[in-house]
Amino acid sequence: MLDQIKEHVMNLKTKGASYVDTRWYPFEESNSLVMWNGNLKDANYSRESGIGVRVLYKGAWGFSASSDTSDLTGLYNKAFDNAQIAAKRVSLPVRLAEKDDIQASFSSPNCINPMEVPLSDKVAFLKQIDNQLNQPGVFQRIALLHFIRKQIIFIDSEGSEIEKQITEVFAEISVLGQDEQGETHKRSYNLGQEGTDTRGWESIDPQLFSENAERIVAELNQILVAEPCPKDDRAVILLPGIMFLQTHETIGHALELDRILGYELAYAGGSFVTLDDFGRLRYGSEKLTARANATLLNSPGSFGYDDDGIPCQDNVLIDKGILVGAITGRQMVEEANAKAHRQIFNGSSGANRATSFYRVPIERMTNINIDPGADGNLDDIIAGTEKGLVMDGDRSWSIGSNREQFHFATEIAWLVENGQKTQVVKNPTYKGNTLEFWNSLSAVGDKSTWKLEFVSNCGKGQPNQIMQLGHGVPVCRFENVRVGE
Ligand SMILES: [Zn+2]
């Protein structure tokens, strides 16, 4: 099969294509289980395989994909036909940034293949957690597991040959309860990196889930009897359980280069960032350094090589508050440099990814992280706060179409009064304008506050592509934030 693919790739080159690549998925497996109030509500397993072909001809892309690999000639001809037809209408010819040809392999670090763990073991784990969540105050309890495993072989006409084995493990437990007024409240826990270097079935640590089950039930019961969140301007101290989402929505999505160039406008919106802003725009206080780091161990945002065949990198996006980088692939960096009439980007940052063989790669977040700071641990930050809210857990979010403003509700918040964390409040919310908010960043926690959170379901593109990624974030404090409305 591999030899045939290489032959077809080179054949289209001789027919006049300027670039050809192929992503062959020998297999792609997904397994998810949901335990809801003690009942196994869902247990899904799917497996597919297939091949996707991209062809660049006279500056236009052609794409074709199929799960039927019996007629490779037809598949490659279709992609080439599509490119030839598109080439007649192309207004801005596609150019690809230079890259090295690479022969390599990558495997997500894992010990126990979750697909080989018996269903009975998975159900037993969920049942045990469910029992633990079944306590006074809780009227709905949900525990879910989601596993993804795939093999991807990438071949291109520039001599690259890359094999990837990707394993993903996601897990979430949550509890819902009703307060005296009949209003529903929620508290949840999501598996993140938790200090483990591997992410097979072994990362489903019963002890870890047991501790967090106890904690979220106790916190839910505090929320149920809490006073409402105050409505005023104050400091907010965001824990990683909401800080990841703040970073995702107002740094990550805003800095996808295709979005900056207007390609997502019809669907998920654009970005307030313009090409003029790189190297110039103040995107946060001097305490803010954000990066796209796809080289971390054990994260869905680390995948070895992207779907352009570019190695994963660690790139600074915002350097001490100044915008310097973006989330990029080979095509968009060339287009952006041409449109800006200056060299903003020096090659691709290795962030072009497709959700499967039947979709084309687009710019996706890797691990969009905030560097730990020098403002101590969580207690230190609270001690230095006169009037504030400590917030955690994402409950709802609403974002401006160009990511210029936002409104988030969190699951829980604690008041901070004169340097002391005091009572829990319910229905906490905060909102702001993106740049004003990041510029008000007044404290960044040290490494002890930093946690790598996983995102299993980021959506982007038309047709929609779901992608997995990560956010490594410390505890951060922002000043004069409107809360409670
Ligand atoms: Zn997203």
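Note: the structure precedes this text.
Residues numbered from 1 in each chain as written. Predicted model: local features only at pLDDT ≥ 70, side-chain atom pairs only at ≥ 80, totals over all residues. Heavy atoms only, no water.

K.L.:
Looking at this structure, I do not really get the overall build of the chain. What am I missing?
P.N.:
Check the secondary structure of the chain and you find nine helices and 23 strands. Taking 23 Å as the expected radius of gyration for a compact globule of 485 residues, we find that the chain reaches 24 Å, a close match to that expectation. Once the C-alpha set of the chain is aligned to its principal axes, its extents read approximately 70 × 55 × 35 Å. The buried share of the chain, taken over its 485 residues, is 58%. By sequence separation, contacts in the chain at least 24 residues apart represent 74% of the contacts at least 6 residues apart. Carbon and sulfur atoms form 46% of the exposed surface of the chain, whose accessible area is close to 19,300 Å². Computed over 48 positive and 65 negative side-chain charges, the separation of the two mean positions in the chain equals 5 Å. (Helix = DSSP H or I, 4+ residues; strand = E, 2+ residues; numbered from the N terminus. Rg over C-alpha atoms; globule rule 2.2 N^0.38 Å. Buried < 20%, exposed > 50% of the residue type's maximum accessible area, 1.4 Å probe, protein only. Contact = heavy atoms within 4.5 Å. Areas by Shrake-Rupley, 256 points an atom, 1.4 Å probe, with all protein chains shown as cover. Lys, Arg positive; Asp, Glu negative; His and termini not counted. Charge placed at Lys NZ, Arg CZ, Asp CG, Glu CD.)

K.L.:
Where do I start with the side chain of Thr355 in this structure?
P.N.:
As for its position among the elements, Thr355 is in the loop between β13 (352-353) and β14 (362-363). Accessibility expressed as a relative area gives 16% for Thr355, which makes it buried. Here Ile466 takes part through its backbone oxygen, which lies 2.6 Å from a polar atom of the side chain of Thr355. Once residues within four sequence positions are removed from consideration, Thr355 is found in contact with Tyr25, Glu28, Lys150, Gln465, Ile466 and Met467. (Polar contact = N/O pair within 3.5 Å; in protein donor to acceptor, adjacent residues only side chain to side chain.)

K.L.:
Before we go on, may I ask you to explain the sheet that holds strand β15 (residues 368-370) in this structure?
P.N.:
Pairing between the strands of a sheet is mediated by backbone hydrogen bonds and can be parallel or antiparallel. If you trace the four strands from one edge of the open sheet to the other, you get β12-β11-β10-β15, paired in antiparallel fashion. Every other strand in the sheet has two partners, leaving β12 (322-323) and β15 as the edge strands with one partner each. (Pairing = 2+ DSSP bridges.)

K.L.:
Could you clarify how one ought to interpret the layout of surface pockets in this entry?
P.N.:
The method is simple in principle: a probe with the dimensions of a water molecule rolls over the atoms, and the space it marks as empty is what remains. The computed volume of the largest pocket comes to approximately 1,200 Å³. As for the largest pocket, its lining consists of 49 residues, of which Asn190, Gly241, Phe244, Asp394 and Glu453 are closest to the centre. When residues in the lining of the largest pocket are grouped by element, the largest group, eight residues, is from strand β21 (residues 451-460). The residue inventory of the lining of the largest pocket, partitioned by class, reads 21 nonpolar, 13 polar and 15 charged. Looking at which domains feed residues into the lining of the largest pocket, each of domain 1 (2-225) and domain 2 (228-483) gives three or more. The calculated volume of the second largest pocket comes to roughly 560 Å³. Forming the walls of the second largest pocket are 24 residues, and the residues nearest its centre are Met332, Val360, Pro361, Ile362 and Gln462. For the lining of the second largest pocket, the secondary-structure elements that each account for two or more residues are β3 (60-66), α7 (330-340) and β14. Ranked by the residues each element gives to the lining of the second largest pocket, the list is headed by α7, at three residues. A domain split of the lining of the second largest pocket shows at least three residues from each of domain 1 (2-225) and domain 2 (228-483). (1 Å grid on protein atoms, 1.4 Å probe; cavity = no way out; pocket = protein on both sides within 12 Å on 5 of 7 lines; lining within 4 Å. Points joined across faces, edges and corners; volume = space filled by probe spheres on them. Nonpolar A, V, L, I, M, F, W, Y, C, P; charged D, E, K, R; others polar. Domains from an automatic or database assignment.)

K.L.:
Looking at this model, I keep getting lost on the nonpolar core. Mind explaining?
P.N.:
A general feature of soluble globular proteins is that nonpolar side chains tend to end up buried together. Counting 57 residues, the largest nonpolar core has Ile251, Tyr283, Tyr430 and Phe478 as the members making the most contacts within it. It is helix α5 (residues 240-252) that contributes the most residues to this core, five residues altogether. Judged by nonpolar contacts, the second largest core, of 27 residues, contains Ala143, Val175, Ile204 and Ile216. (Core = buried A, V, L, I, M, F, W, Y, C linked by side-chain atoms within 4.5 Å.)

K.L.:
Explain the coordination of the zinc ion here, please?
P.N.:
Six octahedral donors around a metal ideally make angles of 90 or 180 degrees; four tetrahedral donors ideally make 109.5 degrees. Distances from the zinc ion to its protein donors, His248 (NE2), His253 (NE2) and Cys458 (SG), fall at 2.0 to 2.4 Å. Sequence spacing among the residues donating to the zinc ion works out to H-x4-H-x204-C. Taken as a pair, His253 in the loop between α5 and α6 (257-260) and Cys458 in strand β21 lie far apart in primary sequence, 205 residues in all. As far as the burial class goes, His253 and Cys458 line up, both buried. (Donors = N, O, S within 2.8 Å, 3.2 Å for Na, K, Ca; no water.)

K.L.:
Before we go on, may I ask you to explain empty space enclosed by the protein in this structure?
P.N.:
Tallied over the full model, the rule gives two cavities of 30 Å³ or more. A volume near 140 Å³ is recorded for the largest cavity. Forming the boundary of the largest cavity are 14 residues, of which Lys150, Ile166, Phe303, Arg353 and Met467 lie nearest the centre. Mapped by element, the contributors of at least two residues to the lining of the largest cavity are β5 (140-156), β6 (161-178) and β22 (465-473). Considering each element in turn, the lining of the largest cavity owes the most residues, three residues, to β6. Residue composition of the lining of the largest cavity, by class: seven nonpolar, two polar and five charged. Both domains that meet at the lining of the largest cavity, namely domain 1 (2-225) and domain 2 (228-483), each give it at least three residues. Its boundaries defined by the atoms lining it, the second largest cavity holds a volume of some 40 Å³.

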